[in-house]
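Chain by chain, the residues run as shown.
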Amino acid sequence: MSTEAAFARWTARVEAKLEQSLPVASQSPERLHAAMRHAVLGGGKRVRPLLVYAAGALFDVDEAILDAPAAAVELIHAYSLVHDDLPAMDDDDLRRGQPTVHIAFDEATAILAGDALQTSAFDLLAHADADVALRLDWLQVLSRASGVAGMCGGQALDIDATGSVQSLSALQRMHALKTGALMRAAVRMGAAAGGASGDELRRLDDFAAALGLAFQVRDDILDIESSSEQLGKTAGKDVAQAKSTYPALLGMQGAAAKLEELASTMQNALAPFDARSNALKALGELAINRVH
Ligand code: GRG
């Protein structure tokens, strides 16, 4: 089975799980339900769900067990994008090549849709078809990665830093929380389902932390090199907002060198694993080479 075929199968699985777990738009409150569906079903690379399945594949986990954590992490990601696009935050009108939720609907609906997506992620995990200890582990991992010690904390640091030049270490900490925490949670949830040992969890966490940072460095490069059409979101925003980014602090060559360093961290972290780590390796390469 090729990695591409596995990615296609996992994407189809998580799309089906998301479709099934979202409320139907014909049911009241219709506007809220339609906004939630717009946020989740309107495209996206599904990187975080793929990380859940790929980490589970290392331990031959039954894919049906992984559908709930894969969908849950994507629901959290979708909520974060809806709220990030709001006028009070990044104020964006384009996401995944579509109008953002507050443009397609309205601000109040976008806030509520994000809130409801977040709580539905935890509802999905609480009711998943898995052992209670595993469900509790997933709930702890995903809630911590989403909150003050993870994504929300990183977003707060990002907002606080607006308009000032950040040091490289401050930038790295902000991204580790804002983007990296959810990617680490995705890998951890897949690995936990496979009963990974402490040493395996540590290695996989090193891999996921490097992948999260690489994803962000590449995001900074794409913001400069690509068009809004290619990205499906507004390009050039970092420069327009004078944000501290890897290219701004290190130059384009320095940012490319950082990506090489992170590629080798990822390779080293996965070195002891067998060929079942190929999908994770491919996701690491995608974080570095992606074009949107
Ligand atoms: C509002 C609490 C709160 C958090 C928002 C994730 C995030 C935190 C903001 C997104 C801002 C941003 C552009 C981050 C850069 C990297 C990133 C996470 C991009 C979007 O993720 P992709 O590329 O998106 O996986 P798709 O659309 O493919 O799912």
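As a reminder, the structure under discussion sits directly above these lines.
Structural notes, computed from the coordinates. Predicted model, so just to flag it, every value in this text is computed and none were measured. (Residues numbered from 1 in each chain as written. Predicted model: local features only at pLDDT ≥ 70, side-chain atom pairs only at ≥ 80, totals over all residues. Heavy atoms only, no water.)

With that out of the way, let us pick up the layout of surface pockets. Put simply, the second largest pocket is a space of about 360 Å³. Lining the second largest pocket are 16 residues; nearest its centre among them are Val 141, Arg 184, Ala 185, Arg 188 and Asp 205. Residue assignment for the lining of the second largest pocket shows that the elements contributing at least two residues are helix H7 (132–146), helix H9 (168–193) and helix H10 (198–225). Sort the elements by how many residues they give to the lining of the second largest pocket and H9 lands first, with seven residues. Partitioned by chemical class, the residues of the lining of the second largest pocket number 10 nonpolar, one polar and five charged. (1 Å grid on protein atoms, 1.4 Å probe; cavity = no way out; pocket = protein on both sides within 12 Å on 5 of 7 lines; lining within 4 Å. Points joined across faces, edges and corners; volume = space filled by probe spheres on them. Helix = DSSP H or I, 4+ residues; strand = E, 2+ residues; numbered from the N terminus. Nonpolar A, V, L, I, M, F, W, Y, C, P; charged D, E, K, R; others polar.)

Let us look at the pattern of salt bridges. According to the stated counting rule, one finds 18 salt bridges in the structure shown. Between Lys 178 and Asp 158 there is a salt bridge, with its nearest N and O atoms 2.9 Å apart. Highlighted residues: Lys 178 in helix H9 and Asp 158 in helix H8 (residues 151–161), separated in sequence by 20 residues. Its salt-bridge partner being Lys 243, residue Asp 158 comes within 3.3 Å of it at the nearest N-O pair. Of this pair, Asp 158 sits in helix H8 while Lys 243 sits in the loop between helix H12 (237–240) and helix H13 (246–270), placing them 85 residues apart in sequence. One network of salt bridges, with partners in common, ties together Arg 9, Arg 13, Glu 63 and Asp 67. (Salt bridge = Lys/Arg side-chain N within 4 Å of Asp/Glu carboxyl O.)

So, about the packing of H10 against helix H14 (residues 278–289). For the pair H10 and H14, the least separation of the axes is 7 Å and the interaxial angle reads 25 degrees. Between H10 and H14, the interaxial angle falls into the category roughly parallel. Judged by the twist between their axes, the crossing of H10 over H14 is left-handed. Taking contact as the criterion, the partners of Leu 204, Phe 207, Leu 211, Ala 214, Phe 215 and Arg 218 in H10 are, on H14, Leu 280, Leu 283, Gly 284, Ala 287, Ile 288 and Asn 289. Along the lines of polarity and charge, the residues of the contact of H10 with H14 split into nine nonpolar, two polar and one charged. (Axes fitted to C-alpha atoms, helices over the stretch in contact; angles between N-to-C directions. Parallel < 35°, antiparallel > 145°, perpendicular 65-115°, else oblique. Left-handed = near helix turned anticlockwise from the far one by under 90°. Contact = heavy atoms within 4.5 Å.)

Now for the environment of Gly 212. Within the secondary structure layout, Gly 212 lies in helix H10. Along the sequence, Gly 212 and Thr 179 sit 33 residues apart, while their C-alpha atoms lie 6.1 Å from each other. If we ignore the near neighbours within four places in the chain, the residues touching Gly 212 are Thr 179, Gly 180 and Met 183.

Moving on, we come to the site of the ligand. Neighbouring residues of the ligand: 21 residues in total, closest Lys 45, Arg 48, His 77, Arg 96 and Asp 219. At a separation of 2.6 Å, an oxygen atom of the ligand approaches a polar side-chain atom of Lys 45. Considering the ligand on its own, with 700 Å² of exposed area, one finds that the protein chains cover 92% of that surface. For the shell around the ligand, the elements supplying multiple residues, two or more each, are helix H4 (63–84), H8, H9 and H10. At six residues, H4 tops the list of elements feeding residues into the shell around the ligand. By residue class, the composition of the shell around the ligand is six nonpolar, seven polar and eight charged. (Near = heavy atom within 4 Å. Polar contact = N/O pair within 3.5 Å; in protein donor to acceptor, adjacent residues only side chain to side chain. Areas by Shrake-Rupley, 256 points an atom, 1.4 Å probe, with all protein chains shown as cover.)

By themselves these figures say nothing about function.
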